[in-house]
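Single-letter residue listing:
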Amino acid sequence: MKSTAALLPVRMRRMWSKISTTLASLLAAGAACAAPDEAIPDPFDVGATYTRELHVDAAARPGGDGTPDSPFHTIAAALAQASPGTRVRIAPGTYGAVGTVADLQGTAQAPIAIVGTGDVVIDPAGQGTGLHLVDPRHVVIERIAIRNAVPHGISIDDGGSYSSPASQIVLRDVSFSRIGNGGNNDCLKMSGVDHFYVEGSRFLGCNQGEGIDMVGCHNGMISGNTFADMPGTAVQTKGGSADVLIHGNHFARIGQRAVNAGGSTGERWFRPIDAPREAERIQIVANVIESTGSTPITFSGCADCVFANNTIVDPGDFVARIVEENAERQPGQGGYFINNIVVFSANRLRGFVDVREGTRPTTFTFGWNLWHARDDASFAGPVYTNGLPAEQGAVVTQDPLLDANRRPLEGSPAIAAGREVPRGVPGDFERRAFGSPPTVGAFAGPQAPASGK
């Protein structure tokens, strides 16, 4: 299968339909929310202009002033001089850990950008986090690779000032590899970050932690990324996180959970501190998820969370899990598992949905999914237990007829087999609009013929 980066443009040009006012709140803080059926706005930096540039070159002598003829030797030196409207341009080379940078704050009209101009690598050689931003605002990180960092690749947080979160952060075309030293280490750690975009990036080998771990993060989008070859979980939204869209990503060979919607967070770390649950209104749509160890999706104390129009191949132990891992907060409820394609081997599943004590399975909806058991032509559909309502509108005993990129071919039973999705699906894996009724799975339909044919 082609990589996500090969299938998707990095710069989002969206004409998507049926998007909720909640997800439309990804607009700059204070901007009015878009009404349903309007497109998701681009990240805040699209169209931004920069009035100042600082240059960094690992080969430069120390003591530079950031001009093209006398660049800074380290990224940290440039960030210490960055002000609103500054673009820090980093020359190709390998750099050590940047360290902790506090209060790096641009504005909506004049952000601060940290941009690689070639093969730029931050490599702390196992001696620290690649970059730690404390209380940043309107910051863009673009075209940089992070490797050999411990405990995290990049860490972004609010500095403990829960009433004033870090805000308006964009990570674009950032690569993570060989992060952590065997503990709960993450490629990207975000705590108390609102209005964020993570797009067109690659998360590889993120150790026992997560590819992206969010604690108390809100109004964000994670789209067009690749998550691969990690023993832990790829994306986690917990600690009061809400209104996060996880869209159009490719997950491959994830040891535990592709997405953990919720989790288990210590009481003092919640943002806001009185959040009723671990997570609310997490939207996981139009992703391709292949070869997970535990499950593609766990609803863990997540309310009104939607897992829809995903294409799943080899889901692991379970197709989904409903658990409660924090008894101090309210249990999750009202989740949806709909419009998905599930291709699996029946003799490898431990069960379809793992429902644990303390949950509210009767409030969940499972239906309009296409189930294809490659090793059982007589498979008649999933059987649910422990109070989970029966599957509705399932398509079974039919091959979904997918091409090499997991798109449905002409004549696929997946086409137009779905239902409306709560809060909508903002385009398919390739940013194409779904029809009405929608095709199930991550793609709206077959690949369009080449122009002129």
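Bear in mind that the values here come from a model prediction, so they are computed numbers and not experimental data.

What counts and how
- Residues numbered from 1 in each chain as written.
- Predicted model: local features only at pLDDT ≥ 70, side-chain atom pairs only at ≥ 80, totals over all residues.
- Heavy atoms only, no water.
- Helix = DSSP H or I, 4+ residues; strand = E, 2+ residues; numbered from the N terminus.
- Buried < 20%, exposed > 50% of the residue type's maximum accessible area, 1.4 Å probe, protein only.
- Contact = heavy atoms within 4.5 Å.
- Areas by Shrake-Rupley, 256 points an atom, 1.4 Å probe, with all protein chains shown as cover.
- Pairing = 2+ DSSP bridges.
- Phe/Tyr/Trp six-rings, centres within 6.5 Å; stacked < 30°, edge-to-face > 60°.
- Axes fitted to C-alpha atoms, helices over the stretch in contact; angles between N-to-C directions.
- Salt bridge = Lys/Arg side-chain N within 4 Å of Asp/Glu carboxyl O.
- Disulfide = S-S within 2.5 Å.
- pLDDT = per-residue confidence, 0-100.
- Polar contact = N/O pair within 3.5 Å; in protein donor to acceptor, adjacent residues only side chain to side chain.

Caption draft 1: Molecular detail of the overall build of the chain. Of regular secondary structure, the chain possesses three helices and 33 strands. Across the 453 residues in the chain, those meeting the buried criterion constitute 61%. Put simply, of all contacts in the chain between residues at least 6 apart along the chain, 72% involve residues at least 24 apart. When the accessible surface of the chain is totalled, it reaches about 16,400 Å², and 48% of it is carbon and sulfur.

Caption draft 2: Representation of the pairing of strand β10 (residues 166-177) within the structure. Burial runs high along β10: 10 of the 12 residues are buried. Where strand β8 (residues 137-147) lies against β10, nine bridges are found, and the strand directions are parallel. Bridging across to β10, A145 finds its partner in S175. Here β10 pairs with strand β12 (residues 193-199) via six bridges, running parallel. Considered in β12, the bridge of I169 is made with F196. In this structure, β10 lies alongside strand β13 (residues 202-204), joined through three bridges in parallel fashion. Residue pairing across strands places F176 opposite F203, the latter belonging to β13.

Caption draft 3: Looking closely at the packing of aromatic side chains. All told, the structure shown has 14 aromatic pairs when counted by the stated rule. Each ring, one from F227 and one from F251, has its centre 5.0 Å from the other, and the planes form 10°; the classification is stacked. On the criterion of sequence distance, the pair formed by F227 in strand β16 (residues 226-230) and F251 in strand β19 (residues 250-254) is long-range, its members being 24 residues apart. Pairing F337 with F366 gives two aromatic rings, centres 5.0 Å apart and planes at 10°, and the pair type is stacked. Placement of F337 in strand β28 (residues 336-338) and of F366 in strand β31 (residues 365-367) is noted, with a sequence separation of 29 residues between them.

Caption draft 4: Main features of the sheet that holds strand β23 (residues 295-300). Ordered by their spatial adjacency, 10 strands build an open sheet running β4-β7-β9-β11-β14-β17-β20-β23-β27-β30, and the pairing between neighbours is parallel. Each having just a single partner strand, β4 (99-102) and β30 (353-355) make up the two edges of the open sheet. For this sheet, the mean angle separating the axes of adjacent strands, direction not counted, is 10°. Pairing analysis gives four bridges linking strand β9 (residues 154-157) to strand β11 (residues 188-191), with the strands arranged parallel. Among the inter-strand pairings, I156 is bridged to a residue of β11, identified as M190.

Caption draft 5: Expanded view of the pattern of salt bridges. Within the structure shown, the criterion is met by 27 salt bridges. For E142, the salt bridge identified is with R172, shortest N-O distance 3.4 Å. In this pair, E142 is assigned in strand β8 and R172 in strand β10, connecting sequence segments 30 residues apart. Taken as a pair, E142 and R172 share a single burial class, namely buried. A salt bridge links R329 to E267, with the shortest nitrogen-to-oxygen separation between them at 2.9 Å. Linking R329 in the loop between β27 (320-323) and β28 with E267 in the loop between β20 (257-262) and β21 (279-285), this pair joins segments that are 62 residues apart in sequence. A single salt-bridge network, built from bridges that share partners, covers D45, E142, R143, R172 and E199.

Caption draft 6: Quick peek at the state of the cysteines. Counting across every chain of the model gives two disulfides. Disulfide pairing is shown between C187 and C206; the S-S distance is 1.9 Å. Around the S-S axis, the bridge from C187 to C206 shows a dihedral of about -95° and counts as left-handed. Note that C187 is positioned in the loop between β10 and β11 and C206 in the loop between β13 and β14 (210-215), a separation of 19 residues in sequence. For the pair formed by C187 and C206, the shared burial category is buried.

Caption draft 7: Expanded view of the confidence of the model for the chain. Confidence in the prediction for the chain averages 90 pLDDT; 90% of positions are at 70 or higher. Here residues 1-39 scores under 50 on pLDDT; set against residues more than four positions off or in separate chains, the count is 98 contacts.

Caption draft 8: Looking closely at the environment of A97. Inspection of the secondary structure assignment puts A97 in the loop between β3 (93-95) and β4. For A97, a relative accessible area of 42% corresponds to the partly exposed category. Separated by 30 residues in the primary sequence, A97 and Q127 place their C-alpha atoms 8.0 Å from one another. Setting aside residues no more than four positions away along its own chain, A97 makes contact with I122, P124, T129 and G130.

Caption draft 9: Main features of unusual backbone geometry. Of note, the amide linkage connecting V150 to P151 takes the cis form, showing an omega dihedral of 0°. Turning to its location among the elements, P151 is positioned in the loop between β8 and β9. Put simply, R271 and P272 share a cis peptide bond, and its omega is -5°. Along the chain, P272 falls in the loop between β20 and β21. For N219, which is not glycine, the phi torsion reads 55° and is therefore positive.

Caption draft 10: Quick look at the environment of T100. Position of T100 relative to the elements: it lies in strand β4. The spacing of T100 and G130 is 30 residues in sequence and 9.1 Å in space, taken between C-alpha atoms. With sequence-adjacent residues up to four places away left out, T100 is seen in contact with H132 and V134.

Caption draft 11: Looking closely at the environment of E430. Structurally, E430 is set in the segment after β33 (395-396). Each C-alpha atom of the pair E430 and G248 lies 7.2 Å from the other, and the pair is 182 residues apart in sequence. A polar contact is formed between the side chain of E430 and the side chain of R407, at a distance of 2.7 Å.

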